[in-house]
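Residue-level structural notes
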Amino acid sequence: MRVPLSWLREYVDLPAGETGRDIQAKLIRAGLEVEGVELLGADLKGPLVVGQVLAIEELTEFKKPIRYCQVDVGDANGTGEPQNIVCGARNFAVGDKVVVVLPGAVLPGPFPIAARQTYGKTSEGMICSARELGMGDDHDGIIVLPPEYEPGTDAIELLELVDEVLDIAVTADRGYCLSLRGVARETAIAYDLPLRDPALIDVPPANSYGPPVKVEDQTGCDRFVARSVVGVDPAAKSPIWMQRRIQKAGMRPISLAVDITNYVMLEMGQPLHAYDRHRIDGAITVRRATAGEKLRTLDGVERTLDAEDLLICDDSGPIGIAGVMGGAGTEIADAAVDPETGEVTGTTEIVIEAAHFTPVSIARSARRHKLPSEAAKRFERGVDPEATKAAAQRAVDLLVLVAGGTAEAGVTDIVAPRPVHSIAIAADLPDRVAGQEYGRETVVRRLQEVGCTVVGTDVLVVTPPTWRPDLTDPNDLCEEVIRLEGYENLPSTLPNVPAGRGLTEAQRLRRRIGVALASAGQVEVQNYPFIGEAVLDALGIEAGDPRRETVKIANPISHEEPSLRTTLLPGLLGALHRNVGRGTTDVALFELGRVFRVDGTAETLYHAPRLPVDRRPTEDEIAQLNAALPRQPHRVGAVFAGHRDPQGWWGKAQAWSWADAVEAARTVADAAGVELTVRQDQHTPWHPGRCAGLYVGEVLVGHAGELHPRVVKALNLPERTCAMELDLDLLTAGGAVKAEGPKISTFPVATQDVALVVDDAVKAADVEAALRAGAGELLESLRLFDVYRGESIGAGRKSLAYALRFRAADRTLTADEASAARESAVAEAATRVGATLRG
Amino acid sequence: MSAPNKSYDPVEVEALKPEEIERLRDEAIAAFAAATDLDALHEAKVAHTGDRSPLALANREIGALPPAAKADAGKRVGAARGAVNKALAGRKVELEAERDARVLVEEAVDVTLPYDRAPRGGRHPLTTFAERLMDVFTAMGYSVAEGPEVEAEWLNFDALNMGPDHPARSTQDTFFLKDADSVVLRTHTSGVQIRSLLAAAEPPVYVICPGRVFRSDELDATHTPVFNQVELLAVDEGLTMADLKGTLDHMVQSLFGEGISTRLRPNYFPFTEPSAEMDMVCFVCRGESVGNPDRPCRTCSSEGWIELGGCGMVNPRVLVACGIDPNKYSGFAFGFGIERMLMFRHNVEDMRDIVEGDVRFTLPFGMEI
Ligand SMILES: [Zn+2]
């Protein structure tokens, strides 16, 4: 809502020196979101005056036609002589009144005006357009004024060019502030000044001879006022003051009848509709649509109506969607001049509608037809049903005043019974909500200021005013009191929070994982969860794979990516690609986040019950809500490309490899206190020979390794890009292993090395397991320090060299004891994996 | 070794003449002094103190002297050998010190060589910023609650006093799911608040809910369709707006320093009543840029205040939907976006930098923020 101060002052006698900024501050404190104050004409300086065009000489020797005019500007130029002005516009004739800026003036820009040579003439000023005066961007031509103004009259004042405009973002609860009346009321309260309520005007009582109206749906329309005006001059134009106010309020002047309805709507908040009486067929009827009915609305669009749409109809059918938009058929006709007689034809008899519609009905129709009109915006947020008669009267008065019409005596006013809604509230509730003592007297006074009637002592029975449909609950009334007493005056206290237990194990674990991976040289990213088919194709994930079963968004940001991720890899690889593309070629990234899986979810998926809100849902209902959701497990993923250890003065570069990806998984498992088993596996999108399956016990919890070269190519990734992904929920399902305090032996260690030759296909993990089993309790640790392949051991074989450390808890081991343990380890390896000692 | 010769005449033994012993002694000392390195010293040592050196031979001959002369010659030769050994040891220490000093010089390295071998990692500032907030509130006794990102509409809207026709519901830019009734991508973490209330048999409930939320905005310098929120909920007996204000004050002081205060401005949210917009004093200029064109403040655009987010007293209707008696309990709640807070706390100018995963953005924030 844009509120010109000059207009606002009509209803509240604000102190003369009060600026827009001052008022903004006061209104913000009272809870109106005044987003800004626009200064109109701040750098404007006269002389800017009314002029009358006396003569026009057409200059034709230039690229475009130019006019050299003599303009009477009265005494404004000090001489009384006509002013010579060159003008490029053509929408005026000799005798017209125009706006002239004289040398010495400054137009908004700032744009100083001086006499100057142009098109071979001296131009002593300019004839102005609306745009040049900062009145709006709508009109290209110059302003032609109504004839009644005298040459020389100050146009700055006439056109109200200097003003301030408050720009207010009206929240959903304060529909009444979508009007000057509402903002003026808040201003009056903020300044503790009286309000001149524009709705308090004389209105004749309803009678039986007003325009005929039938309201068939009284739940949708509980008030319908209709008035009529005859003898309207179709050629009449909106007066400048009205046009200017409409412009400053952010709307466009269109035609007199439309301008008047808009003006009254801006003033009182009541949307009005004006009909050409000759184009209404029979009585105006308010009813619901029948499904499939059609209506061509004012914007020229033919709309198919829904059975829920509330309609304004006549005997011919729908003539408007109630409170949203009128139909084209009963529109006020534009004035037309008969070329033979010179007679002006157009609408001469107007019916004014001022009705009150149910907010929900209007909101749904506006959404359904995508028609967020100014009227719908107000009805949706609640309009004062008691202002209908005054608004209609105001429109009638304006038609009489500026269009020469005559008001007819008939007043139609159809009123459906509306229950009076009162709220019982403990007089000290605002104190208890605020944590500050206001006292009963203040509470009552503040509620009365906003228009409530208040009775009672300890318990107050409060009846909100008709323009505040948002006041329904005791807490709504508390807010009124507290905001008017000033949020800024609230004390600052701290509640006694019961002692807490800190983060949960799962929350601590995610932090540990983040720290561990970052410490290992990886950088955390948070990717969007949106994916499309293309990336799943590129990853080689086949139809039927659960990662193809995605949760799909009905209104995605991009139709290329309409699904939610089933794996973290697309986002991670996208980020990797972006980094490489920007020149960071050595890069390791990780992400902790949820994926969305519909595998293993039931038929209840996506079908959450619509539960009431006047009670707690039952446990069963809560279970139904949860059953409608896809699985959303936490995962951790990592990707690697380029070098882990770059080339330097210390030696050659080392690339990130499949082993780093597996190691990242081990890092995560260590952080989780879980023992991870690594097995050879084959899983898309990994390289079939370089893919590790990651297990906790017998449960597969993720994969790691090098990506398939085809995937690397398809996604345009660096060669040998590696990746890891783990399901944290699965990883931690069995809980963490509690660390046992180790018993430290201080006896000396006995070290024995052993090199075992095995078949190439034998896995290191199996050799190690055999050695551990065979070595027994004396084995303190075991480490693989070399892998060798070569002619000396034969083709298809490899030698694994291990360092074994033996130690006893209670004695120094003899050489014989250590050797025996070693031999036993070797024997077990021979049995299990066919290992032979390398000779 | 030769046996003592009882008939030996000391006068006859040239080598044991006193002047000869002194000469041998002086020659040895001079040779040691002349040795310029440890190898030369070793050669001199062999020549002058070895088994075949004149002094060693002299010493051997003492045994052949008659007993009367033995003591005298032994004393002289012993003194000479003592002096020689002392000179040798002294010179050895000198030369070793010289050698050590030389080796240390030769072993010197350029310690300014770069050693950027280990890959550098870092955590995302959105993560660490949320953690910092969580730490502030867990220290106060709150617990951290989390919930699903795809959420039932009843939990995301209805229970929060946003019925199907509520005007605020249509302004949330909600992502809807295909072929779904009443399941959406959550537009805020408030559903977690509802879940916390439903999970508690009875208040008190003090939770902070961080998490990702979704609004169908296009990504630009100040908007992102996926962002992080932190919401707080406290429900207990006798909670007031003053408690809300105090909690906010505590939070901004924990994050932005002593003396930073907050301001509440009336606003409207369906789930709180009364509702407020919360601002904090600009932590950069502390309000001194207001009306002071010479010292403009980029952080607050010289407004003196920074908008944090929305807050208010939990609407009693929300409590009712969770089965909590609004006559016995009251509550307060607030919420704000982490991205925005990160942007002004750390001078981040473009939202895209936060979401695109460029390591150059993340690395400077390190492990904690
Ligand atoms: Zn500042």
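These numbers were taken from a predicted model, which means no experiment stands behind them.

Re the overall build of chain B
- The secondary structure content of chain B amounts to 13 helices and 9 strands.
- Relative to its length of 369 residues, chain B is extended, with a C-alpha radius of gyration of 45 Å against a globular reference of 21 Å.
- Seen through its principal axes, chain B has C-alpha atoms that stretch 135 × 55 × 45 Å.
- Out of the 369 residues in chain B, the part that is buried amounts to 54%.
- Long-range pairs, those at least 24 residues apart, make up 68% of the contacts in chain B between residues at least 6 apart in sequence.
- A total accessible area of about 16,400 Å² is found for chain B, and carbon and sulfur atoms account for 51% of it.

Here's the deal with the interface of chain A and chain B
- With 102 residues of chain A in contact, the opposing surface of chain B contributes 104 residues.
- A combined buried area of about 8,400 Å² lies between chain A and chain B, and 56% of that area is made up of carbon and sulfur atoms.
- Inspection of the region where chain A meets chain B yields 10 salt bridges.
- As a salt-bridge pair, A:R510 and B:E146 come within 2.8 Å of each other at their nearest N and O atoms.
- Summed over the shared surface of chain A and chain B, the result is 45 residue pairs in polar contact (both at pLDDT 80 or more).
- If you tally residues by element for the side of chain A that touches chain B, the top one is helix α13 (residues 505–519) of chain A, at 7 residues.
- Taken together, the residues of the side of chain A that touches chain B break down into 52 nonpolar, 23 polar and 27 charged.

Digging into the pattern of salt bridges
Residue and element names in this part refer to chain A.
- For the coordinates displayed, the defined rule picks out 88 salt bridges over all chains.
- Here R196 makes a salt bridge to D13, at a shortest N to O gap of 3.1 Å. A residue pair is termed long-range when its members are at least 10 positions apart, and R196 in the loop between α4 (180–191) and β14 (213–215) and D13 in the loop between α1 (5–8) and α2 (20–29) qualify at 183 residues.

Regarding the nonpolar core
- Residues B:F137, B:Y142, B:M251 and B:F334 are the most contacted members of the largest nonpolar core, which totals 79 residues.
- In terms of residue count, helix α5 (residues 125–140) of chain B provides more of this core than any other element does, 8 residues in total.
- Here B:F334 is in contact with B:F137, B:V230, B:E231, B:L232, B:L244, B:T247, B:L248, B:M251, B:M278, B:G310 and B:C311, once residues within four sequence places are set aside.
- Membership of the second largest hydrophobic core comes to 56 residues, among which are A:V229, A:I246, A:M268 and A:A403.

Considering the packing of aromatic side chains
- Throughout the structure, instances matching the rule amount to 19 aromatic pairs over all chains.
- Measuring from centroid to centroid gives 5.5 Å for A:W241 and A:Y263, while their planes differ by 80°, and the two rings are edge-to-face. Linking A:W241 in helix α5 (residues 240–248) with A:Y263 in helix α6 (residues 256–268), this pair joins segments that are 22 residues apart in sequence.
- Residues B:F256 and B:F283 carry aromatic rings whose centres are separated by 4.8 Å and whose planes lie at 40° to one another, so their mutual orientation is tilted. Of this pair, B:F256 sits in helix α9 (residues 241–256) while B:F283 sits in the loop between β7 (272–281) and β8 (305–314), and the two are 27 residues apart along the sequence.
- In this structure an aromatic cluster arises from ring pairing among B:F137, B:Y142, B:Y206, B:F334 and B:F336.
- We note A:K26 situated over the ring of A:Y191; from NZ or CZ to the ring centre the distance is 4.8 Å.
- For B:R345, the ring lying beneath its charged end belongs to B:F256, and the centroid distance is 5.8 Å.

Criteria and thresholds
Residues numbered from 1 in each chain as written. Chains lettered and ligands numbered in written order. Predicted model: local features only at pLDDT ≥ 70, side-chain atom pairs only at ≥ 80, totals over all residues. Heavy atoms only, no water. Helix = DSSP H or I, 4+ residues; strand = E, 2+ residues; numbered from the N terminus. Rg over C-alpha atoms; globule rule 2.2 N^0.38 Å. Buried < 20%, exposed > 50% of the residue type's maximum accessible area, 1.4 Å probe, protein only. Contact = heavy atoms within 4.5 Å. Areas by Shrake-Rupley, 256 points an atom, 1.4 Å probe, with all protein chains shown as cover. Buried area = accessible area lost by both parts, 1.4 Å probe. Salt bridge = Lys/Arg side-chain N within 4 Å of Asp/Glu carboxyl O. Polar contact = N/O pair within 3.5 Å; in protein donor to acceptor, adjacent residues only side chain to side chain. Nonpolar A, V, L, I, M, F, W, Y, C, P; charged D, E, K, R; others polar. Core = buried A, V, L, I, M, F, W, Y, C linked by side-chain atoms within 4.5 Å. Phe/Tyr/Trp six-rings, centres within 6.5 Å; stacked < 30°, edge-to-face > 60°. Lys NZ or Arg CZ within 6 Å of the ring centre and 35° of its normal.

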